[in-house]
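A structural walkthrough
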Amino acid sequence: MADIIRLLPDHVANQIAAGEVVQRPSSVVKELLENAIDAGATEIQLIVKDGGKTLIQIVDNGKGMSGTDARLSFERHATSKIQKAEDLFNLHTKGFRGEALASIAAIAHVEMLTRTEEDEIGTRIKIEGSKVVAQEVVVAPKGTSMLVKNLFFNIPARRNFLKSDQVEFRHITDEFHRISLAHPQVAFNFYNNGSDVFQLPTNDFRKRIVQIFGRKTDEKLVPVEEETQVVKISGYIQKPEFAKKSRGEQFFFANNRFIKSPYLHHAILGAFEGLIRPGTHPGYFLNLEVDPGTIDINIHPTKTEVKFDDEHTLYAMLKSTVKHSLGQFNVIPTLDFEQDQNLETPYSYKNKEVGIPQVVVDSSFNPFEAVKTSRGNATSNYAKPKVEGWENLYTGMEVSLEDNSNLEFESEVVNSSIFDEGKEVVDHTTTTFQLRKKYIITTIKSGMVVINQSRAHQRVLYEKFLKNITIKEAVSQQLLFPLTLSFSPSEISILNEIKENLCTVGFVFGEVAEDGVEIKGVPVLVAESEVQMIMEQLISDFQQEVPGDSFSQSDMLAKTLAKTLSVKTGETLDEFSQVKLVNDLFACKETTLSPFNKKVFMTITENDIERKFI
């Protein structure tokens, strides 16, 4: 039998490795920014065009590379960070595998310009798909400039899987936030399509957070500080009242490296238990300094998933530290049952003897006695002047007892205001029943229908909002006092993208600043108290998956509004609201599925019931 196992060519092996390291343009930004920081740079510039698909350039003032090192850096597993296997357990740098530059060069056009401080001239290297096109000696400033063009030019399938420019730019911004927060001692400049996005000078950690997430973030932060033999915890948490539905502002840094840890995130949630509303998430910016030998970073190519030696101890310390900070800065109420009662006594009364209080009674006081005024006229304290002709006010208002049968009295308060429109079209002959405040049961000729009230209302609202967005005939109610909502610059950019569609739904915007937005009007179905929650939910949905074309953007907007404003499980509906919801559901174009493709109702026929009794 002929031998069938062969070694893959280097360019093929590099493309396979690139699939693990470079998943999208943000992966290139992450790897190059980390290399710049490892080079000791104090100033870093990031330049992006078309969401990183066309151009990614990173310029730093680090120590640079010699001509030999510059050429060798593009080989696989070539690195200056480690020399032997034991170094993997004592890492102090961001990179250590030596795969990043080789992977990037395998799938893009790369140009490197670098010079060390000792050399008078620098080196320029051009690589296209792992092939060195040119290497020359040039005049260059100290540091390194990496230019990455036409990402995935030789892998069209991978390029087709990239999202829109806005989505890719948002992923790049997320990576920029993580690295710039981890290194506040480094100055960063971020440019996108020729315009400034961030200008971050060297600063401390708190000011760096405020620079990125807006000025109003400063009042939300509570400092956290604790040092033990196992870990040193420092950073900030956000006050409970500022908890959001989205998980955007949550950052863990282990030894100045951004990490993702659901286990440690659960410790933060445990510390905030009982202080935040269900379904909301607290914000935090926490640095964990541990012994490099007790943390394993070499688990995943992205290096965001790590493993700690003693996670249980770290969990307990993190939870108790956050709780201590919340109590220390009077964020949570405290009850002290052992407080000395003498502390509540004023100091001037400390040695004063307690006597029996004296009650003085005026036995001659008569509340009904007339009081003489200065003019000598006597008037009563309680007597009212008599009004002549008061009987004429009730002339012609005689009502017989027989007419009281038509009077209506207010009954138990129920949530029926959301179905107030179109009362004349409701068929009151239909029999409905609400089961466990979750399902509506209604009868049909062949049996009965069980409807999920939340999903049914989502379908009704979804089609209504989508129609308003398409036809642009939404009704808006003006607010007497405009609302001012604070958001981070990245969240404001999302609102600017969807602002036009929000206006077609019924929102009316005033001034849009860098750290806030003014809302002057809301749709008829939206309560003023729900506006903040709706905006946060919209931003969260668009951060996770921003659609490219206008229709899908309108579709996501309608889905989010329908999900936020729909009747929730546990809400009581009166009989009229139940009938109205049933009629509106079966008037929709699609009745069987909710906007999120979940089953809305099920039919139980008489035959199904008969079989249960056999």
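This text gives an overview of the structure that appears in the document.

Calculation notes
- Residues numbered from 1 in each chain as written.
- Predicted model: local features only at pLDDT ≥ 70, side-chain atom pairs only at ≥ 80, totals over all residues.
- Heavy atoms only, no water.
- Helix = DSSP H or I, 4+ residues; strand = E, 2+ residues; numbered from the N terminus.
- Buried < 20%, exposed > 50% of the residue type's maximum accessible area, 1.4 Å probe, protein only.
- Contact = heavy atoms within 4.5 Å.
- Areas by Shrake-Rupley, 256 points an atom, 1.4 Å probe, with all protein chains shown as cover.
- Salt bridge = Lys/Arg side-chain N within 4 Å of Asp/Glu carboxyl O.
- Pairing = 2+ DSSP bridges.
- Core = buried A, V, L, I, M, F, W, Y, C linked by side-chain atoms within 4.5 Å.
- Polar contact = N/O pair within 3.5 Å; in protein donor to acceptor, adjacent residues only side chain to side chain.
- Axes fitted to C-alpha atoms, helices over the stretch in contact; angles between N-to-C directions.
- Parallel < 35°, antiparallel > 145°, perpendicular 65-115°, else oblique.
- Nonpolar A, V, L, I, M, F, W, Y, C, P; charged D, E, K, R; others polar.
- Left-handed = near helix turned anticlockwise from the far one by under 90°.
- Expected span 1.5 Å × (residues − 1).
- Phe/Tyr/Trp six-rings, centres within 6.5 Å; stacked < 30°, edge-to-face > 60°.

**A word on the overall build of the protein**
When you go through the protein residue by residue, the secondary structure sums to 15 helices and 24 strands. When burial is assessed residue by residue, the protein has 42% of its 614 residues classed as buried. Long-range pairs, those at least 24 residues apart, make up 68% of the contacts in the protein between residues at least 6 apart in sequence. With an accessible surface of roughly 36100 Å², the protein has 51% of that area assigned to carbon and sulfur atoms.

**What about the pattern of salt bridges?**
A full pass over the atoms with the stated rule returns 15 salt bridges. A salt bridge links Arg-178 to Glu-175, with the shortest nitrogen-to-oxygen separation between them at 3.1 Å. Of this pair, Arg-178 and Glu-175 both sit in helix α6 (residues 165–182), separated by three residues, roughly a single helical turn. Between Asp-608 and Arg-611 there is a salt bridge, and its shortest N-O distance comes to 2.7 Å.

**Thoughts on the sheet that holds strand β9 (residues 221–227)**
Pairing in this open sheet of five strands is mixed, and the strands run β9-β10-β13-β11-β12 from one edge to the other. Two strands in the sheet have a free side with no partner beyond their single neighbour: β9 and β12 (258–259). Here strand β11 (residues 250–254) pairs with β12 via two bridges, running antiparallel. Its bridge partner lying in β12, Phe-253 is registered against Phe-258.

**Some remarks on the nonpolar core**
In terms of nonpolar packing, the biggest core is built from 53 residues, with Ile-44, Leu-46, Phe-74, Val-148, Leu-181 and Phe-188 touching the most fellow members. What Ile-44 contacts, discounting residues up to four positions off in sequence, is Leu-33, Ala-36, Ile-37, Ile-58, Val-59, Asp-60, Val-186, Ala-187, Phe-188 and Asn-189. Tyr-462, Leu-485, Val-517 and Val-522 belong to the second largest nonpolar core, which has 33 residues in total.

**Concerning the side chain of Ser-454**
Relative to the helices and strands, Ser-454 resides in helix α10 (residues 453–471). Here Val-567 takes part through its backbone oxygen, which lies 3.1 Å from a polar atom of the side chain of Ser-454. Setting aside residues up to four positions removed in sequence, Ser-454 forms contacts with Ser-566, Val-567, Lys-568 and Thr-569.

**A few points about the sheet that holds strand β6 (residues 143–149)**
Taken in spatial order, the eight strands line up as β5-β4-β3-β6-β2-β1-β7-β8 in an open sheet, and their pairing is mixed. In this open sheet, the two edge strands, each paired with only one partner strand, are β5 (131–138) and β8 (195–200). Strand after strand, the sheet turns through a mean of 10° between neighbouring axes, direction not considered. Inspection of the sheet shows strand β3 (residues 109–115) paired to β6 by seven bridges, in the antiparallel sense. Bridging from a neighbouring strand, His-109 pairs with Lys-149 of β6. Here helix α2 (residues 25–38) sits on the sheet and contacts β1 (43–49), β2 (55–60), β6 and β7 (187–192); the angle it forms with β2, its principal contact strand, is near 10°.

**Here we look at the packing of α10 against helix α11 (residues 489–505)**
Across the interface, α10 lies against α11 with an axial gap of 8 Å and an inter-helix angle of 110°. Classed by the angle they form, the pair α10 and α11 counts as roughly perpendicular. Residue-level contacts link Phe-465, Asn-468 and Ile-469 of α10 to Asn-501, Thr-504 and Val-505 of α11. When grouped by side-chain class, the residues that make up the contact of α10 with α11 number three nonpolar, three polar and no charged.

**Examining the packing of α2 against α6**
A pair of packed helices can be characterised by two numbers: the angle between their axes and the separation between those axes. At their nearest, the axes of α2 and α6 sit 8 Å apart, and the two run at 25° to each other. The angle between α2 and α6 places the two elements in the roughly parallel class. In this structure, α2 crosses over α6, and the sense of that crossing is right-handed. Facing α2, whose interface residues are Pro-25, Ser-26, Val-29, Lys-30, Leu-33, Glu-34 and Ile-37, α6 presents Glu-168, His-171, Ile-172, Glu-175, Phe-176 and Ile-179. Split into classes, the residues belonging to the contact of α2 with α6 amount to seven nonpolar, two polar and four charged.

**Notes on the pairing of strand β4 (residues 122–128)**
Pairing of β3 with β4, which is carried by six bridges, proceeds in the antiparallel orientation. Note that in β4 the partner of Thr-114 across the bridge is Thr-123. Between β3 and β4, which pair antiparallel in sequence order, lie six residues. Relative to β5, β4 runs antiparallel, the two being bridged by seven bridges. Note on β5: the bridge partner recorded for Ile-125 is Gln-135.

**So, helix α14 (residues 575–586)**
Here α14 spans 17 Å end to end across 12 residues, near enough to the 16 Å set by a 1.5 Å rise per residue. Phe-576, Ser-577, Gln-578, Val-579, Lys-580, Leu-581, Val-582 and Leu-585 are the residues of α14 that are buried. Where α14 is buried, its residues contact β18 (432–435), β19 (439–444), β20 (447–452), α10 and β24 (601–605).

**Focus on the environment of Glu-590**
Looking at the element boundaries, Glu-590 is found in the loop between α14 and β24. Considered as a pair, Glu-590 and Val-460 are 130 residues apart in the sequence and their alpha carbons are 9.4 Å apart. Those residues within four positions of Glu-590 in sequence are excluded, and the remaining contacts are Arg-459 and Glu-463. A polar contact is formed between the side chain of Glu-590 and the side chain of Thr-592, at a distance of 2.4 Å. At 3.4 Å, the side chain of Glu-590 and the backbone nitrogen of Leu-593 are in polar contact.

**Considering the packing of aromatic side chains**
In the structure shown here, the tally under the stated rule is 16 aromatic pairs. Ring geometry for Phe-252 against Tyr-284: centres 4.8 Å apart, planes inclined by 45°, an arrangement best described as tilted. Residue Phe-252 is found in strand β11, and its partner Tyr-284 is found in strand β13 (residues 284–289); the two are separated by 32 residues along the sequence. The same class applies to Phe-252 as to Tyr-284, namely buried. Three or more aromatic residues link up through ring pairs in this structure, and these residues are Phe-205, Phe-213, Tyr-236, Phe-251, Phe-253, Phe-258 and Phe-285.

Nothing here speaks to function; it is geometry throughout.
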